[in-house]
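# Breakdown of the fold
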Amino acid sequence: MNNTATSTFTTTTSPADADGSGNSFNAADLTKTAGWRNGRTVTIDGATITLPKFGTGTYDNMLASGQTVTLPGSSVVNTGDAVVFLAFATGAAAKDATGTITYAKNNCLSPNGDPTDQDYRLDTVPDWLSGPSSAASITLVHENHGDNTQTSPNAGLKVYAISVPLACPGSVVSSISLPRFNGVQAGQPALHILGLGIRPTTVTGTGLSARHWVGTWASVQGTDKVALSNGTTAAVNSQTLRIPAHVSLGTDSGSGARIHLSNAMGVTPVTFHAASVAVQDATAAGATAASAPVALTFDGSPSVTIPAGADATSDPVTLTVQPQATMLVSLQVRGEAAAMPGHSVARTPVWVSDHTNRTGDTAAAHYARTTYTGLPYLSGIDVTTSTTNPTGSLVLYGDQSVNGDTASDDGQHHLSDAITNALVNDPHGDTSVKYGVLNAGTDSNSLLPSITNSPNPVNALNPQDRNVLLQGNVRTVLVSTGAANLLNCTSDANTCATDVENGLASLDSQLSSYSTDDSQIYFNQQPVTQNSNITVYLATIPPFTAAHPGTTAQEAAREQVNTYLLDNYPGRLLDFAAAVSTDGTATSSTVKAADLWDGNPSDAYYADLADLYVNDTDSGTLNYPPN
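Throughout what follows, the structure given in this document is the object of discussion. (Residues numbered from 1 in each chain as written. Predicted model: local features only at pLDDT ≥ 70, side-chain atom pairs only at ≥ 80, totals over all residues. Heavy atoms only, no water.)

### A look at the side chain of Thr384
Residue placement: Thr384 occurs in strand S32 (residues 378–385). Looking at Thr384, its side chain comes within polar contact range of the side chain of Asp252, at 2.6 Å. Here Gly256 takes part through its backbone nitrogen, which lies 3.0 Å from a polar atom of the side chain of Thr384. Residues contacting Thr384, with those up to four places away along its chain left out, are Arg211, His212, Trp213, Gly250, Thr251, Asp252, Gly254, Ser255 and Gly256. (Helix = DSSP H or I, 4+ residues; strand = E, 2+ residues; numbered from the N terminus. Polar contact = N/O pair within 3.5 Å; in protein donor to acceptor, adjacent residues only side chain to side chain. Contact = heavy atoms within 4.5 Å.)

Below, the structure written as structure tokens:
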């Protein structure tokens, strides 16, 4: 470490200079408000990162200047599928920063069997002040100044998580050289790295004790305040939340399950005193479990504290889960949570108990259904899959077309549910689902990359990294987005269309740069760099609906985008527009009446999208089949 970027604000603020003008983070915002503890670890986007000491006047970050970070051979995660940098830029965005990843001896070979290193590039690290809040891992309130004053910038000060794909997933990394970049000078871009970590693959253990995991359910974190139906903020006080999750895959013979919790959108830490998981009673439904819930632990402890911006994964438990079952995850929140981050439009019921720990309750007597429109904290569920022939997951990444914002509110009518149902009922199938189907849909106004230096970036920022690449053994991604971008665009049709086309191409480049977790090829029993990249499908943009009509220019732009997709992505394109349009084409301007309810997409709309997906995978329209 060679720079001090945080300071303690008092009448004599401790010396720090992050940007060459004497400005710095306020240490208390990180430690007291966000819960980032000095010298301890924090898990962000699945990677465990050791934090520096903040506000002590000593060096607390690495100003990137070609340093080499050596990874110990034990006591830290040194194998995985991606390196996650916890970083920020000052002076302006830091662009095209390059470095090298060095693998341990005999751990990453060229196709010829020769030892090899991996060059990497950080396409863009956003500026701490002017960078996008939507991509930040944490946003802080105060900026300290060298003249012992303090201000609160409107957009806050931000720290970002940027991931880099590993060319040899599962191989041991021995060192990482940081980019050579500018030193701190006022008005000049400089790259600061608070820490880094390696995100593990979805294989735990080794040899005969190895377990392979796959995602079976997911929920995107998209709001810092889950709301009630009347628009006010939902809150709990020492109560237990019971959250249902309608899964796609069941457990294999190993009967293993684990859950993922997220405080990614939170601004303060959250503590869960207890947590459990159970299968819902299919007859009684609601908050009633079929049998006594199984208690969850986190690194062996029944309680877990998750700092702002961070996430946590439970220890595995033994639980038999059938395909398309509903699991109940119960979380007892310690003390008062005046605001709960999570998924903003869930179309899923949530129950809350009285002011006590009800995580072990089988019956629903002490639970009442809430009017939450969102879903707090729970971000994913993994189940065990075959060790000898593991399956992967299909991640549906998109806007309302994926999330099912206007579908039935029973938690079983998102696009992921419709695709799972279509796979089960496929006359060309065997009534089983061969891979996890994960919903990464959101009601966000934009899911396309907005900060990029290259039209073809090969690393990812959030929300793409957290919402897609963090999912359990992702092998295929279906991208269905762009409608909101077009509806928000006020330029001419060509400009609106070109922006969306470039954004989709950039997103495709990002996601397809990452390798699947368990497809490593070996040469003389040693892993080599040739492996299978994630397959990315794109979808045409369905017609605008009466509830969200577009202008003439916006409709022209939509049709232009769809023509571009049809021309440029053969074998990887799903024509969602044709599936729901009046005349069955990508350029039809209206949705067929049978797929709408009160001017919005209905359950039938999502069923039609799912049927198209299954028909295209059956017919060979897609050059690269899922999984």
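### Looking at the nonpolar core
Counting residues in hydrophobic clusters, the biggest one holds 64 residues, and the most contacted among them are Trp36, Leu241, Phe272 and Tyr377. Ala440, Leu507, Ile534 and Val536 belong to the second largest nonpolar core, which has 37 residues in total. (Core = buried A, V, L, I, M, F, W, Y, C linked by side-chain atoms within 4.5 Å. Buried < 20%, exposed > 50% of the residue type's maximum accessible area, 1.4 Å probe, protein only.)

### Quick notes on the environment of Leu129
Positionally, Leu129 belongs in the loop between strand S9 (118–125) and strand S10 (136–140). If we skip the residues at most four places from it in the chain, Leu129 touches Glu143, Pro153, Ala155, Gly156, Leu157 and Lys158.

### Quick look at unusual backbone geometry
Leaving glycine out, the prevailing phi sign among residues is negative, and the prevailing peptide bond configuration is trans. In this chain, Asn462 is followed by Pro463 through a cis amide linkage whose omega measures 10 degrees. Counting through the fold element by element, Pro463 comes out in the loop between strand S34 (436–441) and helix H4 (464–469). Located in the positive-phi region is Ala92, a residue other than glycine, with phi close to 160 degrees. Structurally, the position occupied by Ala92 is in the loop between strand S7 (82–90) and strand S8 (94–103). For Asp598, which is not glycine, the phi dihedral falls at a positive 55 degrees. With respect to the helices and strands, Asp598 occurs in the loop between strand S40 (596–597) and strand S41 (600–601). Overall, the relative accessible area of 63% leaves Asp598 in the exposed class.

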